[in-house]
Every structure is written in C-alpha cells, then in structure tokens.
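Summary of structural features
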Amino acid sequence: MPVFAANLTMMFNEWSFLDRFDAAAEAGFTAVEYLFPYEAPPEAIAERLARNGLQQALFNLPPGDWAAGERGIAALPGRFEDVKSDVERALDYAAATGVQRLHLMAGLADPSDERATACYRRSVAHAAGRLAEKGIDLLIEPINGRNMPGYFLNDFGIAERLIDELALANLKLQFDIYHRQILHGDVAMALRQLLPVTGHIQIASVPSRHEPDGEELNYPYLFEEIDRLGYAGFVGCEYTPRGGTLDGLAWFKPFARS
Ligand SMILES: O=C(O)C(=O)[C@H](O)CO
Ligand SMILES: [Mg+2]
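Positions within a chain are numbered from 1, following the residues in the order the chain's sequence is written. Naming scheme: in the order in which they are written, chains are lettered from A and ligands are numbered from 1. Note on the predicted model: pLDDT of at least 70 is required for a residue's local features to be given, and 80 or more for side-chain atom pairs to be given and counted; whole-chain, interface and lining totals, by contrast, use all residues. Side-chain metrics rest on all non-hydrogen atoms present in the structure, leaving aside hydrogens and water.

Test applied: UniProt positions are given in the numbering used here, feature names are shortened, and annotations may be inferred rather than shown by experiment.
The chain appears in an unreviewed UniProt entry as Hydroxypyruvate isomerase from Sinorhizobium saheli. The annotation that UniProt attaches to the chain under Sequence similarities (unreviewed entry) is "Belongs to the hyi family."

Shown next, in the form of structure tokens:
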C-alpha cells in the first residue's frame, strides 16, 4: 500500500504552516512534504514532526528568489556560489527533520543552451556530492511548461539520460505523475521503466491538479501498479483541494492511519 505524504504547501491551507503538521496527522497522514521550509526555524518543524509522529518525505532546496519569478537556479549561469550556499542551508533543515531526499529545481532556462546545461550538470553533481556525504538522495523533476513556462527540465527523457550519464548512486528522479501525463502520457509504462531510478512519486488529477479521484487518470489502477512494482518510497499528494482539504479526503480513507 503506498505511503502518502500530505503536501503542506498545497493542502491544509486552512491552517498556518506549522499547524498543518498537526492537521495532516489528525487526518491520518504519516508523512508530509512541502516545497520550502525556510520561513520556519528548523527546530520548530522538527518539533511538529516529532509530536505528530510524522516522517519528512521531501522538500526542495532553496529556489532562488521565488517571489521575483525564479524557479530554481541550478541551470542559471553565474549562480553556482548561491547553489553551494543553498545546499548547506537545506542540509541544516535536513539534519533537523531527518528527510532522506531533497529536490533541486533547475530554473527558467533554455534546455538547448549549452551554457545552461553545463551549469545544471555542475550544480547537480555538486549537490548530489554534498548530499551523499549525509546519506541523502538528490532528486530532479521534469515539470510541464503549462504550469511552469520556460522551466529548464521539461522532459522525462532528458532527466533519465542525465541520471544515467552522471551515474551518481544518490541522484534520482522525482516522478510527478501529473507532469508525466501532461508531458508524455504513457504513465504506467513509464513507471515500470523508470522505477529503478525513481526516488519519489507525486500525484494530482489531470488537468485540474486536484484530488487524485477523477478526471483523466485512473489512480486506483496506478496505486495498484506502484504496489505491484514494489515501490517502497513515498507518494506526495501535490494537489490543490477542490474545496476544503478535509472534505476532499474520501479517496485517502483506505490508506489513512487509524
Ligand atoms: O512543481 C512541482 O510539481 C514540484 O514538485 C516542484 O517541487 C515545485 O514546483
Ligand atoms: Mg511535483
């Protein structure tokens, strides 16, 4: 049975960020993920995880200036010093939360630009090297251009080839099924082919990015497929509830901690 992680950036927005940990545990989740923890002290997050018996499934390395439109800096020329300091900041939060995987966002850059590609490979190699020292996996995630126009890593094949070429034991794919369906489709076969290099899975309905209980994907079938394939990681619920978070959790009831 998949272990679902509530995404506290997109779900439980009825509560303050730190109170979302309690609300997610109360709703039956045993794990959480979010985009960025950096506005809260690491020890405050650690306390919420401990008091609710929650596992920290994932979060992102700092993404540059998100409010100014940056969506990661790994592929941006001239930002390598920022990449290195961001890795150290993320490792402080990783030490506090016990997270075992971190996602490095690439940024808005042209994937055909050789300089951007060289910057990205250098950033990935550096981040993976530092995380490996702590036993943490580095994840890279292809993101579709409708949600994130101009995002550098916009193709599962490019991600797969990079993981293969760099051959770093802790460099893995963040397989967001929502993006896979929009970018390429063929979700079940891609899960079968890419599971060996997959470090995390995320879900949402397509096209609306709501609860995984309708629209064009058959998630009951995909959850069974994930089990059949022996996936032992987390499944991040990276969706925007249609209405109240709790009202939308009927799909989760069979999987909730009692
Ligand atoms: O966009 C996504 O699907 C992600 O998982 C990124 O981490 C945040 O944008
Ligand atoms: Mg995602």
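Some words on the overall build of the chain
Counted only if it meets this: Numbering of helices and strands runs from the N terminus, with a helix taken as a DSSP run of H or I at least four residues long and a strand as a DSSP run of E at least two residues long. Restricting the calculation to C-alpha atoms gives the radius of gyration, and the globule rule supplies 2.2 Å times the number of residues raised to the power 0.38. We call a residue buried when its accessible area falls under 20% of the maximum for its residue type, exposed when it is over 50%, and partly exposed in between, using a 1.4 Å probe and counting protein chains only. Methods summary: accessible areas were calculated by the Shrake-Rupley approach with a probe of 1.4 Å, and residue burial reflects only the protein chains presented. Note on charges: Lys and Arg go in the positive column, Asp and Glu in the negative column, and His and the chain ends are not counted at all. Note on charges: their place is set at NZ of Lys, CZ of Arg, CG of Asp or CD of Glu.
Within the chain one finds eight helices and eight strands. In summary, the chain has a C-alpha radius of gyration of 17 Å against a globular reference of 18 Å for 258 residues, a match within 12%. Overall size of the chain, expressed as C-alpha extent along the three principal axes, is 50 × 40 × 35 Å. Expressed as a percentage of its 258 residues, the buried residues of the chain come to 55%. Entry remark: accessible area of the chain is about 10,800 Å², with carbon and sulfur atoms responsible for 50%. Seen as two clouds, the 23 positive and the 36 negative side-chain charges of the chain have centres 2 Å apart.

A look at the coordination of the magnesium ion (ligand 2)
Six octahedrally arranged donors around a metal ideally form angles of 90 or 180 degrees; four tetrahedrally arranged donors ideally form angles of 109.5 degrees. The following threshold applies: The rule for donors is simple: N, O or S, within 2.8 Å of the metal, or within 3.2 Å if the metal is Na, K or Ca. Water isn't counted, so a site may look like it is missing partners. Under the classification used here, a metal with four donors is tetrahedral if each angle lies between 85 and 135 degrees, square planar if opposite donors are over 155 degrees apart and the others between 65 and 115, a six-donor metal meeting that same test is octahedral, and anything else is irregular.
The protein atoms that coordinate the magnesium ion (ligand 2) are E141 (OE), D176 (OD), Q202 (OE1) and E238 (OE), at distances spanning 2.0 to 2.1 Å. Of note is the magnesium ion (ligand 2), whose six donor atoms meet at the metal with angles of 77 to 174° in an arrangement that counts as octahedral. Here the donor residues for the magnesium ion (ligand 2) map to a single chain with the spacing E-x34-D-x25-Q-x35-E. Here E141, found in the loop between β5 (137-140) and α5 (156-166), pairs with Q202, found in strand β7 (residues 198-203); they are 61 residues apart in sequence, far enough to count as distant. Both residues of the pair, E141 and Q202, count as buried.

Here we look at the UniProt feature "domain: Xylose isomerase-like TIM barrel" (unreviewed entry) in the chain
In the UniProt entry, the feature "domain: Xylose isomerase-like TIM barrel" (unreviewed entry) is given for residues 21-254. Between the C-alpha atoms that bound residues 21-254 there is a distance of 20 Å. The span itself is 39% helix and 14% strand.

Thoughts on unusual backbone geometry
In this chain, V206 is followed by P207 through a cis amide linkage whose omega measures 10°. One non-glycine residue, E215, adopts positive backbone phi at about 65°. Relative to the helices and strands, E215 resides in the loop between β7 and α8 (219-228). When its relative accessible area of 43% is taken as the criterion, E215 is described as partly exposed.

Quick word on the nonpolar core
Note the following rule: By nonpolar core we mean a set of buried residues, namely Ala, Val, Leu, Ile, Met, Phe, Trp, Tyr and Cys, connected to one another through side-chain atoms within 4.5 Å.
Among the nonpolar cores identified, the biggest contains 82 residues, and F29, Y120, I177, I201 and I203 are the most heavily contacted of them. Counting six residues, the second-largest nonpolar core is a separate cluster that includes A31, A57, L58 and F234.

Focus: the site of ligand 1
The condition is simple: Residues are classed as near a molecule or strand on a simple rule: at least one heavy atom within 4 Å of it. Here a polar contact is taken to be a pair of N or O atoms separated by no more than 3.5 Å, where protein atoms must pair a possible hydrogen donor with a possible acceptor and residues adjacent in sequence count only if both atoms sit in side chains. For this classification, Asp, Glu, Lys and Arg are treated as charged, while Ala, Val, Leu, Ile, Met, Phe, Trp, Tyr, Cys and Pro are nonpolar and the rest, including Gly, are polar.
Around ligand 1, the surrounding shell holds 13 residues, and the nearest of these are N60, E141, H179, R209 and E238. Here an oxygen atom of ligand 1 sits 2.9 Å away from a polar atom, N or O, in the side chain of N60. The side chain of Q174 places a nitrogen or oxygen atom 3.3 Å from an oxygen atom of ligand 1. Coverage of ligand 1 by the protein amounts to 95% of the 260 Å² it exposes when considered alone. Counted by class, the shell around ligand 1 contains four nonpolar, five polar and four charged residues.

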